[in-house]
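# Structural overview
This is what each chain is made of:
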Amino acid sequence: MLLFLMASGLTVIFSMLGVLNFAHASFYMLGAFFGFQISRWIGFWPALLIAPPLVGAIGAAVERYGLRPVHKNGHVAELLFTFGLAFAIEEVVQIIWGKSPVDFRVPPVLDFPAFTIFSTNYPAYKMFMLLVSIVIFAGLLIVLKKTRIGLIVQAALTHPHMVGHLGHNVGRIFMLVFGVGTALAAVAGVIAGPALVTQSNMAGLLGPILFVVVVVGGLGSLPGAFIASLLIGLVQTFAVSMDGSLASAFGPLGPGNKNPFVADIWNVTIAQIAPIMPYFLLVLILIVRPMGLLGKRES
Amino acid sequence: MSDLSNAAASPGSIGTAKLRFYGWWIATAAVLVVLPYIFRSGGALTAFSLVGISIIFSLSYNILLGQTGMLSFGHAVYYGLGGFLAIHGMNLIAGLKLPVPLPLVPLIGALAGLFFAAILGWVSTRRSGTAFAMISLGVAELVASSALILRSFFGGEAGVSANRTKLLRVFDLNFGSQIQIYYLVAFWTLIAAIAMYALTRTPLGRMCNAVRDNPERVQFVGYDPHVVRYLAFCFAGFFAGIAGALAAINFEIANSAYLGAVQSGTVLFATYIGGVGFFIGPIVGAIFVTLLSLGLSDLTSVWQLYFGIFFIAVVMFAPGGITGLLMMHRSLLKAGTLGRVLPSYLIAFVPTLAMVAGLMLAIETIVHYTVNPGDDPNTKAFGIPFDASSPITWVLATVLIIVGFFLARKSWTRVGRAWDDATTVAREKGVHA
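Residues numbered from 1 in each chain as written. Chains lettered and ligands numbered in written order. Predicted model: local features only at pLDDT ≥ 70, side-chain atom pairs only at ≥ 80, totals over all residues. Heavy atoms only, no water.

## Digging into the overall build of chain A
Across its full length, chain A carries 13 helices and 2 strands. Across the 299 residues in chain A, those meeting the buried criterion constitute 51%. Sequence separation of at least 24 residues holds for 73% of the intrachain contacts in chain A that already meet a minimum separation of 6. Total accessible area on chain A stands at roughly 14500 Å², and carbon and sulfur atoms take up 70% of it. (Helix = DSSP H or I, 4+ residues; strand = E, 2+ residues; numbered from the N terminus. Buried < 20%, exposed > 50% of the residue type's maximum accessible area, 1.4 Å probe, protein only. Contact = heavy atoms within 4.5 Å. Areas by Shrake-Rupley, 256 points an atom, 1.4 Å probe, with all protein chains shown as cover.)

## Some details on the confidence of the model for chain A
Fine structural detail should not be taken from predicted coordinates in areas where pLDDT scores are low. All names here are of chain A. Mean pLDDT over chain A stands at 72; residues scoring 70 or higher make up 69%. Within chain A, helix α2 (residues 24-42) carries the highest mean pLDDT (81), whereas helix α11 (residues 246-250) carries the lowest (53). Here residues 252-258 scores under 50 on pLDDT; set against residues more than four positions off or in separate chains, the count is 5 contacts. (pLDDT = per-residue confidence, 0-100.)

## As for the confidence of the model for chain B
Residues and elements named next belong to chain B. For chain B, per-residue confidence averages 77 on the pLDDT scale, and residues scoring 70 or more make up 83% of the total. Here helix α1 (residues 2-7) stands out as the element of chain B with the lowest mean pLDDT, 40, in contrast to helix α11 (residues 225-251), whose mean of 87 is the highest. Contacts of residues 1-12 to residues separated by more than four positions or lying in other chains number 13 contacts, the stretch itself having pLDDT below 50. Scoring the predicted complex yields pTM 0.79 and, for the interface, ipTM 0.74.

## Here we look at the pattern of salt bridges
Residue and element names in this part refer to chain B. A full pass over the atoms with the stated rule returns 1 salt bridge over all chains. For R212, the salt bridge identified is with D213, shortest N-O distance 3.0 Å. A residue is classified by how much of its surface remains accessible, and R212, at 35% relative accessible area, is partly exposed. (Salt bridge = Lys/Arg side-chain N within 4 Å of Asp/Glu carboxyl O.)

## Description of the environment of V356 of chain B
For V356 of chain B, the location among the structural elements is in helix α17 (residues 338-371). Judged by relative accessible area, which is 36%, V356 of chain B ranks as partly exposed.

## Observations concerning the nonpolar core
F22 and F27 of chain A together with L71, F73 and Y272 of chain B are the most contacted members of the largest nonpolar core, which totals 162 residues. No other element matches the 13 residues that α11 of chain B contributes to this core. Every residue in contact with F22 of chain A, bar those within four places of it in the chain, is listed here: L79, T82, F83, A86 and F211 of chain A together with F73, M134 and L137 of chain B. L144, I152, V163 and I173 of chain A belong to the second largest nonpolar core, which has 8 residues in total. (Core = buried A, V, L, I, M, F, W, Y, C linked by side-chain atoms within 4.5 Å.)

## A word on the packing of aromatic side chains
Residue and element names in this part refer to chain B. Going through the model one piece at a time under the given rule, you end up with 17 aromatic pairs over all chains. Ring centres of Y197 and F279 lie 5.1 Å apart, and the angle between their planes is 70°; this geometry places the pair in the edge-to-face category. In this pair, Y197 is assigned in helix α8 (residues 178-201) and F279 in the loop between α12 (261-274) and α13 (281-299), connecting sequence segments 82 residues apart. Each member of the pair Y197 and F279 is classed as buried. (Phe/Tyr/Trp six-rings, centres within 6.5 Å; stacked < 30°, edge-to-face > 60°.)

## So, helix α5 (residues 105-124) of chain B
Here α5 of chain B spans 28 Å end to end across 20 residues, near enough to the 28 Å set by a 1.5 Å rise per residue. Of all the bends in α5 of chain B, the greatest measures close to 35° and is centred on A118 of chain B. Where α5 of chain B is concerned, the buried positions are V105, P106, G109, A110, A112, G113, A117, L120, G121, V123 and S124 of chain B. On its buried side, α5 of chain B packs onto α13 (277-288) of chain A together with α4 (76-96), α6 (129-149), α8 and α11 of chain B. (Expected span 1.5 Å × (residues − 1). Bend = angle between axes of the 7 residues up to and from the residue.)

## Observations regarding the side chain of S136 of chain B
Residue and element names in this part refer to chain B. Relative to the helices and strands, S136 is located in helix α6. Note on S136: relative accessible area 5%, which makes it buried. Residues in contact with S136, not counting those within four places in the same chain, are L71, S72, F73 and G74.

## Thoughts on the packing of α2 of chain A against helix α9 (residues 202-217) of chain A
Residues and elements named next belong to chain A. Running from N to C, α2 and α9 cross one another at 140°; their axes reach a closest spacing of 8 Å. By the criterion of interaxial angle, the relationship of α2 to α9 is oblique. The interaxial crossing formed by α2 with α9 has right-handed handedness. Counting all contacts with α2, which are made through H24, A25, S26, Y28, M29, A32 and F33, the residues of α9 involved are M202, A203, L206, G207 and L210. For the contact of α2 with α9, the residue count by class is 9 nonpolar, 3 polar and no charged. (Axes fitted to C-alpha atoms, helices over the stretch in contact; angles between N-to-C directions. Parallel < 35°, antiparallel > 145°, perpendicular 65-115°, else oblique. Left-handed = near helix turned anticlockwise from the far one by under 90°. Nonpolar A, V, L, I, M, F, W, Y, C, P; charged D, E, K, R; others polar.)

## Observations concerning the packing of helix α3 (residues 42-68) of chain B against α8 of chain B
Residue and element names in this part refer to chain B. Look at α3 against α8: their axes get within 8 Å of each other, and the N-to-C directions meet at 15°. When the interaxial angle is binned, α3 and α8 end up roughly parallel. Seen along the crossing, α3 lies across α8 with a hand that is left-handed. Of the residues in α8, those touching α3 at L45, T46, F48, S49, G52, I53, I55, I56, L59, S60, I63 and Q67 are Q178, I179, I181, Y182, V185, W188, T189, A192, A193, M196, L199 and T200. A class-by-class count of the residues in the contact of α3 with α8 yields 16 nonpolar, 8 polar and no charged.

Set out below in structure tokens:
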């Protein structure tokens, strides 16, 4: 679900501006670290409110002063710009907060098991994360589809000049969209920070999976991103909890493994390959359906 | 490069154009031969070897990015797999005592790169543009993660090592010393560079450019852009494999870092900073980035940050890279109006430098406070000592940044005006800008 929260921000930015924001995971990381720092000073709940607008402001500034001048050089330049940005943000975070994980704790209000299934405690904080994600998703959908603001934003995407003629500041709309997208990533960062580990490589860990979600779901498709993030989340979770390998599947029927290389493939357990499952899924989907699950044909 | 084809138009100048063309390559070869006699230290030789490897790798990357317009985030996969297979090949050759000398080992890497590019490329190149970039990233992660799982082949964290001196000796070369490795790398760099330059001149190379510029039109003409992209991808994998194998020979080890995202990022930086628009660009970029990373890492602890900021600056202000910037001035040079721009450059240079110096001072001071706050405040960066705790440093940094920024902005507007002026004059003289 967290994956979806991230992917939604990325998809919104992509479908609005046509820019795949490589630094999206970096803004998520910035959100987590800002959240950590603010929660240290004044507590978790203010941090949840303050950190996302801060990161969103940074994102908007990046769009205004960084991305827009690059825009005339084409999509590759924009992608490269965000790539360089991701690199620089990681370095800055390393300089300020160091390389080791910081002590970002779950707020005590939510630090209790919500319910118990098969003697495993399900933490209330996870429920909270789920709730926040759903609320934000619903809010985003309503704002985009049902309100006047959403209408203008959608129009600015397809007919920027016309919207400009009608008296709207298209540049500012784009800047706002980018800011909101990065703020969404920051929300994800603040609520994920305590649950996962807050450290300087968290962007690097999450980033590639995020792009897999976006590509598998179909570039620019919000429902596609939703389905893909569920799919990948489930695949990963199930893979981790399963303990089987080709060797155990075939049991005594398997051939004798003299060659160590073959033995490696033969004995690897599903839990071990869990980290590469999303990428495997990506390749599979692309063979069957190059435009992604719900993507439109390449225009 | 373009003036070569222009010159070839008139029959009388074909001879001189050819002479100039071959002259360039021969001069390059001569420089490569002489270089170790000028810089004799072992460190310099190692650096040159690394530069050579990096040149092949960047050039192969530019087949994708520059020629075909495919932004790949996973080019290191073919580099790394080339390196791994070269290491395994060396072990196998030494073990079975096969009559294969070391200079041929890069071919193993090349074939490995070609093989894996041929397998993975078909899926990757189905889409172009942003989707291709994401797919290449996914494939790169897939391979890099697999490398840690398949331990017996990739050697886990530690990697696989080999001994390059155990192979068959030809002309009594044992490749134990760095100078012999340097010549091996130089030889392959030259071969690979010539081959890749030749590739850009073939019909396939031209079709790659066409696919980059207008894939729809290519379809109308009767080509399949997917196939063209795929072929370019295979060639890129082939040459990346050579670079990987050379790196494996140089270090006598291959580990999973060869395949990783850092390696892919570095080659992207090198190629783009050098300039993707010209054949020479990646070469310049590879030299620049390799020497910079070797040199800067001695001078400051946060060199990667500078590197990232520099890259962003290049993307924003010089999308053509270093060579792109230099080539912009060629028409002015021809028309003789370069003199009009140079003074304003000089004026703009001072505040820009001040701003950069201020930024660096600020970064170094902040770094000093966050990374090692307990240390002596009289710290050093770039060999220049300064006092990180004194308010003078802080004020100086702030003043340099702010004043530098405003003056630089003013002076660069001036440069823009002088530039327009100079190009107008150049155009009036009949030189194409």
